[in-house]
Amino acid sequence: MTIRRPLIAGNWKMNGRLADTAWVERFQDALVASEVDILVCPPATLLHAFGELLASRAIALGAQDCSPEPDGAYTGDISAGMLKDIGCSYVIVGHSERRSGHGESDALIRSKAEAALREGLTPIICIGENLDEREVGRAIETVLAQLAGSLPEASAEKIVIAYEPVWAIGTGRSAGPDEAQEMHAAIRAAWPGADAQALRILYGGSVKPDNAGELLACPDVDGALVGGASLDPRVFARLVNLSS
Ligand code: PEP
């Protein structure tokens with residue numbers, strides 16, 4: 001049986017200025033132990049500065065999106081190769097804010113994940129149902145359809161899935177541990193390969209120090225993708241400390 005190393009990832013979204021790179025030192029000061037993988041995904045404008053600060057620390061750098069294309073005439077886009085070049089090892093793809101705000105389809109997200117894999121980056125593929133879909137009892141069906149549509153062909157250890165119910169993102173209302181476990185187990189069961197036990201499945205949606213313990217204790221929850229609570233270095237360090 002594979003032992004999956006938990007991953008605690010911070011998604012800063014469109015927040016942060018150069019002065020906020022002081023976060024790294026403050027986070028490190030508040031870190032007690034880290035028996036988990038730690039990842040921070042600042043906005044693209046801060047990747048270089050963070051890359052320099054993180055190079056000597058056991059904290060991985062990730063981006064929040066990438067282009068499906070390798071290079072070329074795509075104004076405003078950033079390729080996976082560029083992210084690799086600047087020190088990223090992960091990239092989030094298919095966050096619900098991009099699915100809804102930028103009309104990203106499963107097929108596009110799959111191409112982005114494939115582009116990430118070609119460059120040796122680990123894609124964190126986000127999937128999650130909205131409130132209507134949960135209320136009519138179609139949460140698992142919706143999420144598994146997103147999974148099937150967004151998943152590139154790759155071994156489980158090269159990919160991370162983030163289950164993020166849309167109704168829980170930034171709302172202060174998290175899924176309960178039973179809801180999270182049920183969905184994570186369904187995602188693992190739907191994994192197409194024989195290596196499902198190696199797949200890391202993160203939970204995301206209003207993760208805070210007061211609910212993280214019970215969510216992370218679920219057998220199929222392998223870490224967290226943390227939005228708002230990752231902006232405060234002490235709060236994010238608490239999340240890492242209690243996962244270790
Ligand atoms: C996210 O942006 O992926 C997220 C889960 O946000 P929050 O933790 O703020 O709900």
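- The name recorded for the protein in an unreviewed UniProt entry is Triosephosphate isomerase, from Glycocaulis abyssi.
- Per its UniProt entry, the protein bears the Sequence similarities (unreviewed entry) comment "Belongs to the triosephosphate isomerase family."
- As its UniProt record puts it under Subcellular location (unreviewed entry), the protein is described as follows: "Cytoplasm".

Some remarks on the overall build of the protein
Next up, step 1: Helix and strand content of the protein: ten helices and eight strands.
Next up, step 2: The C-alpha radius of gyration computed for the protein amounts to 17 Å, which stays within 12% of the reference 18 Å derived for 244 residues, consistent with globular compactness.
Next up, step 3: Projected onto the principal axes, the alpha-carbon positions of the protein cover approximately 45 × 45 × 35 Å.
Next up, step 4: For the protein, the proportion of its 244 residues judged to be buried stands at 43%.
Next up, step 5: Intrachain contacts of the protein at a sequence separation of at least 6 include 73% that bridge at least 24 residues.

A short note on the nonpolar core
Next up, step 1: Among the nonpolar cores identified, the biggest contains 70 residues, and Val91, Ile124, Ile125, Ile161 and Ala224 are the most heavily contacted of them.
Next up, step 2: If sequence neighbours within four positions are ignored, isoleucine 161 has contacts with Ile125, Ile127, Ile187, Leu199 and Ile201.

Some points on the UniProt feature "binding site: substrate" (unreviewed entry) in the protein
Next up, step 1: Those places that UniProt annotates as "binding site: substrate" (unreviewed entry) correspond, in this numbering, to Asn11, Trp12, Lys13, Gly170, Ser206, Gly227 and Gly228. For this annotated set, covering 218 residues, all C-alpha atoms fall within 13.8 Å of each other, a compact arrangement in space.
Next up, step 2: Along the chain, tryptophan 12 falls in the loop between strand S1 (7-11) and helix H1 (23-30).
Next up, step 3: On the basis of neighbour count, tryptophan 12 is assigned to the buried category, with 20 C-beta atoms found within 10 Å.
Next up, step 4: When near neighbours in sequence (up to four residues on either side) are disregarded, tryptophan 12 contacts Cys41, Pro42, Pro43, Ser230 and Leu231.
Next up, step 5: As for its position among the elements, glycine 227 is in the loop between strand S8 (223-226) and helix H10 (233-243).
Next up, step 6: The buried category is assigned to glycine 227, around which 23 C-beta atoms lie within 10 Å.
Next up, step 7: Residues within four places of glycine 227 in sequence aside, it is in contact with Asn11, Lys13, Ile169 and Gly170.

Describing the packing of H1 against H10
Next up, step 1: Across the interface, H1 lies against H10 with an axial gap of 8 Å and an inter-helix angle of 40°. If you check the angle between H1 and H10, you find them oblique. Crossing angle aside, the handedness with which H1 passes H10 is right-handed. On the side of H1, the interface is formed by Trp23, Arg26, Phe27 and Ala30, while H10 contributes Pro233, Arg234, Phe236 and Ala237.
Next up, step 2: Partitioning the contact of H1 with H10 into residue classes produces six nonpolar, no polar and two charged.

Considerations on the packing of helix H9 (residues 209-216) against H10
Next up, step 1: Between H9 and H10, whose axes approach to 10 Å, the crossing angle comes to 25°. Regarding the angle of H9 to H10, the classification is roughly parallel. With respect to the hand of their crossing, H9 and H10 are arranged in right-handed fashion. Together, Pro209, Ala212, Gly213 and Leu216 of H9 and Val235, Arg238, Leu239, Leu242 and Ser243 of H10 make up the contact between the two elements.

Some remarks on the site of the ligand
Next up, step 1: Around the ligand lies a shell of 14 residues, among which Ile169, Gly204, Ser206, Gly227 and Gly228 are the nearest.
Next up, step 2: Grouping the constituent residues of the shell around the ligand by class yields five nonpolar, seven polar and two charged.

Things to note about the environment of leucine 147
Next up, step 1: Relative to the helices and strands, leucine 147 is located in helix H7 (residues 139-150).
Next up, step 2: Overall, leucine 147 belongs to the partly exposed group, with 19 C-beta atoms counted inside 10 Å.
Next up, step 3: Taking the C-alpha atoms as reference points, leucine 147 and glycine 176, separated by 29 residues in sequence, lie 21 Å from one another.
Next up, step 4: Here leucine 147 is in contact with Ile127, Ile187 and Ala190, once residues within four sequence places are set aside.

Basis of the calculations
- Residues numbered from 1 in each chain as written.
- Predicted model: local features only at pLDDT ≥ 70, side-chain atom pairs only at ≥ 80, totals over all residues.
- UniProt positions renumbered as here; feature names shortened; annotations may be inferred.
- Helix = DSSP H or I, 4+ residues; strand = E, 2+ residues; numbered from the N terminus.
- Rg over C-alpha atoms; globule rule 2.2 N^0.38 Å.
- Buried ≥ 20, exposed ≤ 12 C-beta atoms within 10 Å, placed from the backbone.
- Contact = placed C-beta atoms within 7 Å.
- Core = buried A, V, L, I, M, F, W, Y, C linked by C-beta atoms within 7 Å.
- Axes fitted to C-alpha atoms, helices over the stretch in contact; angles between N-to-C directions.
- Parallel < 35°, antiparallel > 145°, perpendicular 65-115°, else oblique.
- Left-handed = near helix turned anticlockwise from the far one by under 90°.
- Nonpolar A, V, L, I, M, F, W, Y, C, P; charged D, E, K, R; others polar.
- Near = placed C-beta within 6 Å.

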